[in-house]
Structures are given as C-alpha cells and as structure tokens.
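Residues per chain, in single letters:
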Amino acid sequence: MFGKNHGHGGLTFDVPPAMDAAEAARIAFDHDLSLSKHHFVEGEHPVVRIEHLMKTFDGETQVLRDVNLNVWNGEIVVVLGPSGSGKSTMLRCINLLETPTAGHILIDDDEITGKSAKEVGLIRRDLGMVFQSFNLFPHLTALENVMIGQTKVLKKNKDEARAEAVKQLEAVGLGDRIDYKPPQLSGGQQQRVAIARAVAMHPKVLLFDEPTSALDPELVRDVLGVMRELALHGDMTMIVVTHEMGFARDVGDRVVFMEGGVVVEQGLPEQVFDNPQHDRTKQFLGSIK
C-alpha cells in the first residue's frame, strides 16, 4: 500500500510497491528453503509476507527499519532479540494494532496495510494474538472468555461456541476450570485461557508476544508445554516472540534474530544457536547462556 517517500514528520521512506505474488513466492522459496524445517512444496506461497516494513513513533523514533520476512503455512517461527529490537512492534504491525509507517504486509498474498477500520476488523479474524498480559475479561468465566470472540466476531451460535470453548480449554488442561473467572486463576492458567481463546477462532496465523514474560518462573513451564503441544500437533502457523531459548531451539522451525529494528540473522535453530554468523547474534546468545 505504501509507496515512495511515505512517512511522517522529518522521516521519509522510498519503498517499492509490493512484489508480484508469484515472483515473491519464488524468491521467498529459494531464500528460505535452507533456513527452516518447514516442509516446502514447489509452488507454495508464504502465508505471511513482510516487505520493507518501517515503523516510526512521533515521526522521529524509528523502531522498524526495512524488515523483510516470510512465514509459511504451518511454520513455527521464533523471534529473538534484546529489548527494544522491534520484535513486539513487528507482531503488532502484523495484527494491525500498530499502523505501519511504510512497507507492505500481505496475508495469503492479500495486502492488509492501508485498510479501513472495518476491513481491519475482518482481517483480525485470521490473526490470533496472545499477549504478555493475558487481556481476559475479568468479569467473565474462562468459558465465556473463550466463547465471546466466536459469538461476536465469527457469529457462531452459543452451542457451537460453547462446544469449541470446552474443547480448547480441555486441550490446555483447564477442563475443570471452565467456570472460574480470571481473578480465581493463576497467571499461568489465565495465559492458557488466552491461548485457548485465540485457538478457538481458528486463525490463519497465531502471534505470541512474549507470552511467559509476565509469569512467575514456576508457572512458565505449563504455558510453554501448551505452546509446545500446539506447535507440534496443532497444525498452526505460529510467530512467537520470546526469551525462552529452550523453546526456540526445541520447537522452532526457524529462529529469527532481530536488533535495531532489522532482521540480523535467521536460520534453522541449530544453525543460529550453535553456529551464528553475525557477531551481534553471538554476543546476544552468549549473554543469556
């Protein structure tokens, strides 16, 4: 959507139009083939395509600087990086919680940047999001929290929505807590409700924004276990921003390292962790071991 010299304040950006879908898919296929455990199929197109994504705040503070990334159907992409690297801002741009300053984001080759508020609402049906802070309705039960999006957004009837909610809450180990309200649940249980709520909408892509960072250490394991199960058996496309290195190594199909608003390095988990190519990646991984 955003073309040449789009920007605000003192910053302008010379961004080319979005690439032709077939050409973009061919280039992405060749580029990503050796970087991911994803089982590539000749001719497939990425489900998420990010081209020259820029984001500034206040017209001056540039948080994303020409981010380019593809995510494939069913792929688990784990995004690492120090605080302030742009990881969460990139996720929020994908879900249009933040409006990109320039560049293109495409879902199944349909550009989502530059849409009206009504169109954004429709787009978000396909983009599930799990936040750091759970974002549950405190006055609703776990069951009602998982039902509400289905009835309000997907227009499911209550019986359908209830059946799906029960299924997803059981899947995250909370079948015996469906009538509990968030204040009656631990932080880890609340985050598992939030995951169930997102999965119940059957999005094309599920985005996780540091889902364990607000939890006490003893509660992290259960949430990571749910995410691990979802990644391995849920047939979901997931983009996970996290500081959990074990999860990234064990579950990710691809690891992306960001710093300074750019993708510095990406590759197979064992490549990035055991043989990083960039000094900054080495420094970051060395600092957290």
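Please read these numbers as outputs of a predicted model, since none were measured by experiment.

Taken together, the 4 strands give an open sheet; going across it, the order is β4-β3-β6-β7, and neighbouring strands pair in antiparallel fashion. Edge positions in the sheet fall to β4 (61-71) and β7 (110-111), since each of these pairs with one other strand and no more. Relative to strand β6 (residues 102-107), strand β3 (residues 48-57) runs antiparallel, the two sharing 5 bridges. Bridging across to β6, Val48 finds its partner in Ile107.

Next up on the list: the packing of aromatic side chains. Each aromatic ring pair is summarised here by two numbers: the centre-to-centre distance and the angle between the ring planes. Following the criterion strictly, the structure yields 3 aromatic pairs and no others. When the centroid spacing of 5.6 Å and the interplanar angle of 80 degrees are considered together, the rings of Phe29 and Phe40 count as edge-to-face. Of this pair, Phe29 sits in helix α1 (residues 21-32) while Phe40 sits in the loop between α1 and β3, and the two are 11 residues apart along the sequence. By the burial criterion, Phe29 is buried, and Phe40 matches it. Look at Phe40 and Trp72: their rings are 5.1 Å apart centre to centre, the planes differ by 75 degrees, and that puts the pair in the edge-to-face class. Here Phe40, found in the loop between α1 and β3, pairs with Trp72, found in the loop between β4 and β5 (76-80); they are 32 residues apart in sequence, far enough to count as distant. Each member of the pair, Phe40 as well as Trp72, carries the same accessibility label: buried. Taken together, Phe29, Phe40 and Trp72 form an aromatic cluster joined through their ring pairs. A cation over an aromatic ring shows up here: Lys55 above the ring of Phe57, its NZ or CZ 4.9 Å from the ring centre. The ring of Tyr180 has Arg177 sitting right over it, with the charged end atom 5.0 Å from the ring centre.

Here we come to the pattern of salt bridges. Under the defined criterion, the tally for this structure stands at 14 salt bridges. The shortest N-O distance in the salt bridge between Asp109 and Arg49 comes to 3.2 Å. Of this pair, Asp109 sits in the loop between β6 and β7 while Arg49 is found in strand β3, placing the two residues 60 residues apart along the sequence. The class of Arg49 is buried, set by a relative accessible area of 3%. Across the pair Glu210 and Lys87 runs a salt bridge, and its minimum N-O distance is 3.9 Å. Taken together, the residues Glu210 in the loop between β9 (205-209) and α7 (217-233) and Lys87 in helix α2 (residues 87-94) connect sequence positions 123 residues apart. For the pair Glu210 and Lys87, one class covers both residues: buried. Salt bridges here are not isolated pairs; linked through shared partners, they connect Asp32, Glu75 and Arg254.

Within the secondary structure, Ile178 sits in the loop between α5 (158-171) and α6 (187-200). Distance in space between the C-alpha atoms of Ile178 and Val146 is 9.4 Å, their sequence separation being 32 residues. Among all residues touching Ile178, those that are not within four sequence positions of it are Thr141, Ala142, Leu143, Arg162 and Leu169.

Right, let's get into the nonpolar core. Leu169, Ile195, Leu206, Phe208 and Met238 are the most contacted members of the largest nonpolar core, which totals 47 residues. Those residues in contact with Phe208, other than ones at most four positions away along the chain, are Leu91, Val130, Ile195, Met227, Leu230, Met238, Ile239, Val240 and Val241. Among the nonpolar cores identified, the runner-up in size contains 29 residues, and Ile112, Leu127, Ile239 and Val241 belong to it.

Moving on: the packing of helix α4 (residues 142-152) against α6. The contact between α4 and α6 brings their axes to 8 Å, and the two run at 25 degrees. Taken together, the axes of α4 and α6 lie roughly parallel to each other. Along this stretch, α4 crosses α6, giving a crossing that reads as right-handed. Contacts between α4 and α6 involve Ala142, Asn145, Val146 and Gln150 from the former and Val193, Ala196, Arg197 and Ala200 from the latter.

The rules behind these values
- Residues numbered from 1 in each chain as written.
- Predicted model: local features only at pLDDT ≥ 70, side-chain atom pairs only at ≥ 80, totals over all residues.
- Heavy atoms only, no water.
- Pairing = 2+ DSSP bridges.
- Helix = DSSP H or I, 4+ residues; strand = E, 2+ residues; numbered from the N terminus.
- Phe/Tyr/Trp six-rings, centres within 6.5 Å; stacked < 30°, edge-to-face > 60°.
- Buried < 20%, exposed > 50% of the residue type's maximum accessible area, 1.4 Å probe, protein only.
- Lys NZ or Arg CZ within 6 Å of the ring centre and 35° of its normal.
- Salt bridge = Lys/Arg side-chain N within 4 Å of Asp/Glu carboxyl O.
- Contact = heavy atoms within 4.5 Å.
- Core = buried A, V, L, I, M, F, W, Y, C linked by side-chain atoms within 4.5 Å.
- Axes fitted to C-alpha atoms, helices over the stretch in contact; angles between N-to-C directions.
- Parallel < 35°, antiparallel > 145°, perpendicular 65-115°, else oblique.
- Left-handed = near helix turned anticlockwise from the far one by under 90°.

Bear in mind that shape data such as this cannot, by itself, settle questions of function.
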